[in-house]
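Residue-level structure breakdown
Each chain, letter by letter, is given below.
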Amino acid sequence: MVWDIYHIFTWQHLMNLIDILIVWFLIYRLIMIIKGTKAVQLAKGIALIIVIRLVAGFLHVVILSYLVDQILSWSVIGMIIIFQPEIRRGLEHLGRSPLLGGNVVAKKSSEIMIEELDKAIQYMSKRRIGALITLQQKTGLEDYIETGIPINATITGALLINIFIPNTPLHDGAVIIKDNKVSVAAAYLPLSDNNTIPKNLGTRHRAAVGISEVTDAITIVVSEETGGVTITRNSNLMLDLTREEYLKYLRAQLVPETDDQPTNFQRMISKMWNWGSSIR
């Protein structure tokens, strides 16, 4: 059989491919948004119900199939209620997407955040005020946020300094920054059992390493013994950084690029569109 290439590479097939890519991308973003949150367990429960329905249909179990169908019919409303925080966070992520011009806004807010962090770090380092600040990245920190005291305030150097002033109610524990806001203070982070951590480092440093072992969060530690600044991420411990070093690292990790060049995704869509137009 001779295959007609023009019947294979048709405009309809191109649209089907784009459709699959869009659905795959949305599912991937949904997984990344709920990763590290309690919504993962709910998603597993929904997946289990779907599997039960498929098995019941295959075995022709009428009553069980009917009950599961009723659960699935009402699950849409339940999912909207249960996943309301994740849906809101997903829409916020979409609003900050480079495809919608959100990258410029994200860059500006990230730069402001780094400036305020720098003010607090410099003040506390010079006066040897201990601090533990965790910045959420792709992995959710909801389980740790729930252990803290809600703040939900704009990041300022003055706020961070006041939180970590010794003998105040919020100074003991970690500040967690989420979506460029101070989400909570006095949160508990998991302590690392890594034996390679220098013995002279205290609980703050072990907590910083601990959270870096289970998430991709960036954690900043100011030592109350030496005033040294440490950053941890992905189990890496960067000790006694200078101001230039930690600012360079934070900008590299947190400030998105906003050049006028199209993104890889935009280039791919443009190429597919041009290719599709050429074969029509």
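Scroll up to find the structure.
Figured I'd write up the structure that's included with this text. Fair warning: this is a prediction, and the values are worked out from it, not measured in the lab.

Description of unusual backbone geometry
- Residues other than glycine seldom take positive phi values, yet Asn152 does so here, at roughly 50°.
- Summarising the element assignment, Asn152 is placed in strand β2 (residues 149-154).
- Of note in this structure, Asp179 is not a glycine but carries a positive phi near 55°.
- You can see Asp179 is positioned in the loop between β3 (174-178) and β4 (181-187).

What about the pattern of salt bridges?
- Applying the stated criterion to the full structure yields 5 salt bridges.
- Arg243 is the partner of Asp118 in a salt bridge, and the nearest nitrogen-oxygen pair spans 2.5 Å. With Asp118 in helix α6 (residues 102-127) and Arg243 in helix α10 (residues 243-254), this residue pair connects regions lying 125 residues apart in the sequence.
- On the basis of relative accessible area, Arg243 is assigned to the partly exposed category, the value being 41%.
- For the salt bridge of Lys178 with Glu142, the shortest nitrogen-to-oxygen distance reads 2.4 Å.

A few points about the pairing of β2
- For β2, the buried fraction is low: 0 of the 6 residues fall into the buried class.
- Summarising the sheet, β2 and β4 pair through 4 bridges and their orientation is antiparallel. Bridging from a neighbouring strand, Thr154 pairs with Lys181 of β4.

With respect to the sheet that holds β2
- Strand order across the open sheet formed by 7 strands is β2-β4-β3-β1-β5-β6-β7, with mixed pairing between neighbours. Only two strands of the sheet have a single neighbouring strand rather than two, namely β2 and β7 (236-238). Across this sheet, the average inter-strand angle for adjacent strands is 20°, counted without regard to direction.
- Sheet analysis places β3 next to β4, joined by 4 bridges and oriented antiparallel. The partner of Ile177 across the bridge, within β4, is Val182.
- The strands touched by helix α9 (residues 203-214) within the sheet are β1 (131-135), β5 (218-222), β6 (229-233) and β7, with β5 carrying the most contacts at an inclination of about 175°.
- Sheet strands in contact with α10 are β1, β5, β6 and β7, and its direction is about 30° off that of β6.

Some details on the packing of aromatic side chains
- For the structure shown, the criterion picks out 1 aromatic pair.
- With a centroid separation of 5.8 Å and 10° between ring planes, the pair formed by Trp24 and Tyr28 is classed as stacked. Within this pair, Trp24 and its partner Tyr28 are both found in helix α2 (residues 11-34), separated by 4 residues, close to a single helical turn.
- Given the relative accessible area of 35%, Tyr28 is considered partly exposed.
- Taking the ring centre of Tyr123 as reference, the NZ or CZ of Arg127 above it sits at 3.8 Å.

Some thoughts on the side chain of Thr215
- By secondary structure assignment, the location of Thr215 is in the loop between α9 and β5.
- Classification of Thr215 by relative accessible area gives buried; the value is 8%.
- A polar contact is formed between the side chain of Thr215 and the backbone oxygen of Ile211, at a distance of 2.8 Å.
- Within the local environment of Thr215, its side chain forms a polar contact with the backbone nitrogen of Ala217, the two atoms lying 3.2 Å apart.
- The residues touching Thr215, leaving out its near neighbours within four places in the chain, are Thr139, Leu141, Tyr144 and Asn234.

A word on the nonpolar core
- Core analysis: the biggest nonpolar cluster contains 33 residues, and Ile133, Leu135, Val175, Ile220 and Leu250 have the highest contact counts within it.
- Of all elements in the fold, only α6, β1, α8 (157-164), β3, β4, β5, β6 and α10 reach the threshold of two or more residues within this core.
- Apart from residues no more than four positions distant in its own chain, Val175 is found in contact with Leu132, Ile133, Thr134, Leu160, Ile163, Phe164, Val182, Val184 and Ala185.

Here is what the cut-offs are and how they apply
Residues numbered from 1 in each chain as written. Predicted model: local features only at pLDDT ≥ 70, side-chain atom pairs only at ≥ 80, totals over all residues. Heavy atoms only, no water. Helix = DSSP H or I, 4+ residues; strand = E, 2+ residues; numbered from the N terminus. Salt bridge = Lys/Arg side-chain N within 4 Å of Asp/Glu carboxyl O. Buried < 20%, exposed > 50% of the residue type's maximum accessible area, 1.4 Å probe, protein only. Pairing = 2+ DSSP bridges. Axes fitted to C-alpha atoms, helices over the stretch in contact; angles between N-to-C directions. Contact = heavy atoms within 4.5 Å. Phe/Tyr/Trp six-rings, centres within 6.5 Å; stacked < 30°, edge-to-face > 60°. Lys NZ or Arg CZ within 6 Å of the ring centre and 35° of its normal. Polar contact = N/O pair within 3.5 Å; in protein donor to acceptor, adjacent residues only side chain to side chain. Core = buried A, V, L, I, M, F, W, Y, C linked by side-chain atoms within 4.5 Å.

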